[in-house]
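Observations on the three-dimensional arrangement
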Amino acid sequence: GAVVSQHPSWVICKSGTSVKIECRSLDFQATTMFWYRQFPKQSLMLMATSNEGSKATYEQGVEKDKFLINHASLTLSTLTVTSAHPEDSSFYICSVATGPAGSPLHFGNGTRLTVT
Amino acid sequence: TQLLEQSPQFLSIQEGENLTVYCNSSSVFSSLQWYRQEPGEGPVLLVTVVTGGEVKKLKRLTFQFGDARKDSSLHITAAQPGDTGLYLCAGDSGSARQLTFGSGTQLTVLP
């Protein structure tokens, strides 16, 4: 399996500021990482697929200019929430696939974002 | 769009009781995974079922994949407070698309 480290685990920011969340694959070279958003006691909503060395693929309804994804190396993907608003407050989780599409995922521990 | 509906959505039981969580779809999946997520953490894979009719046991947890590979169930025997969490099923359509996650079941086991 893969060990996935996500940082920070929680962050509070003011409206209008930007927040960067890091997702690191510690023991696996990940060409693909996924970013999810989760509301309390609800399932995961796939936001985007992060591809190393190329542009991320965003799901329908996810604003790519608001949720900037960078996957510059095989071990690091970042999600930047730009000009954050209170409605962006949520739990953001990244995951790594160690096999082809549909393979089990290894998740980070998530980042709790609160925008005041 | 492939949908995976889980039921019940919320379940609160006493320690020692048995329970079953269902994961249903009208679509066929080549495999199905179950994850458990504890508060403030990411989901952790419990099991993957691949063959229609397959039954897998993980201590007090029994997972079954439907014969038609459209549904799955998770049965927990003698639930313990440590079983509390959000249970998610996830289906692989086998078409090189990403996993489809179920709607989730929030389980609370009271001591």
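Provided above is the structure to which this section pertains.
To start, this report covers the structure provided alongside it. Only a predicted model underlies this, so the values are computations on that prediction, with no experimental measurement involved.

Right, let's get into the interface of chain A and chain B. In this assembly, 18 residues from chain A lie in contact with 22 residues from chain B. Where chain A touches chain B, the interface holds zero salt bridges. One can count five residue pairs in polar contact (both at pLDDT 80 or more) joining chain A with chain B. Every element with two or more residues in the side of chain A that touches chain B is listed here: strand S4 (32–38), strand S5 (44–51), strand S9 (90–97) and strand S10 (105–107) of chain A. For the side of chain A that touches chain B, the leading source of residues is S4 of chain A, giving three residues.

Now for the sheet that holds strand S1 (residues 5–7) of chain B. Two pairing modes exist for strands in a sheet, parallel and antiparallel, and in both the strands are linked by backbone hydrogen bonds. Residue and element names in this part refer to chain B. Pairing in this open sheet of five strands is antiparallel, and the strands run S1-S3-S8-S7-S6 from one edge to the other. In the strand order of this sheet, the two ends are held by S1 and strand S6 (55–58), each with one partner. Shown here is a sheet whose adjacent strand axes are inclined to one another by a mean of 15°, direction ignored. The pairing of S6 with strand S7 (residues 61–65) spans four bridges and is classified as antiparallel. Bridged to Lys57 within S7 is Thr62.

So, about the environment of Ala48 of chain A. Residue and element names in this part refer to chain A. Structurally, the position occupied by Ala48 is in strand S5. On a C-alpha basis, the gap between Ala48 and Phe91 in space is 15 Å, while along the polypeptide they are 43 residues apart. Setting aside chain neighbours within four positions, we find Ala48 in contact with Met33, Phe34, Trp35, Thr57, Tyr58, Glu59 and Ile69.

What counts, and at which threshold
- Residues numbered from 1 in each chain as written.
- Chains lettered and ligands numbered in written order.
- Predicted model: local features only at pLDDT ≥ 70, side-chain atom pairs only at ≥ 80, totals over all residues.
- Heavy atoms only, no water.
- Contact = heavy atoms within 4.5 Å.
- Salt bridge = Lys/Arg side-chain N within 4 Å of Asp/Glu carboxyl O.
- Polar contact = N/O pair within 3.5 Å; in protein donor to acceptor, adjacent residues only side chain to side chain.
- Helix = DSSP H or I, 4+ residues; strand = E, 2+ residues; numbered from the N terminus.
- Pairing = 2+ DSSP bridges.
- Axes fitted to C-alpha atoms, helices over the stretch in contact; angles between N-to-C directions.

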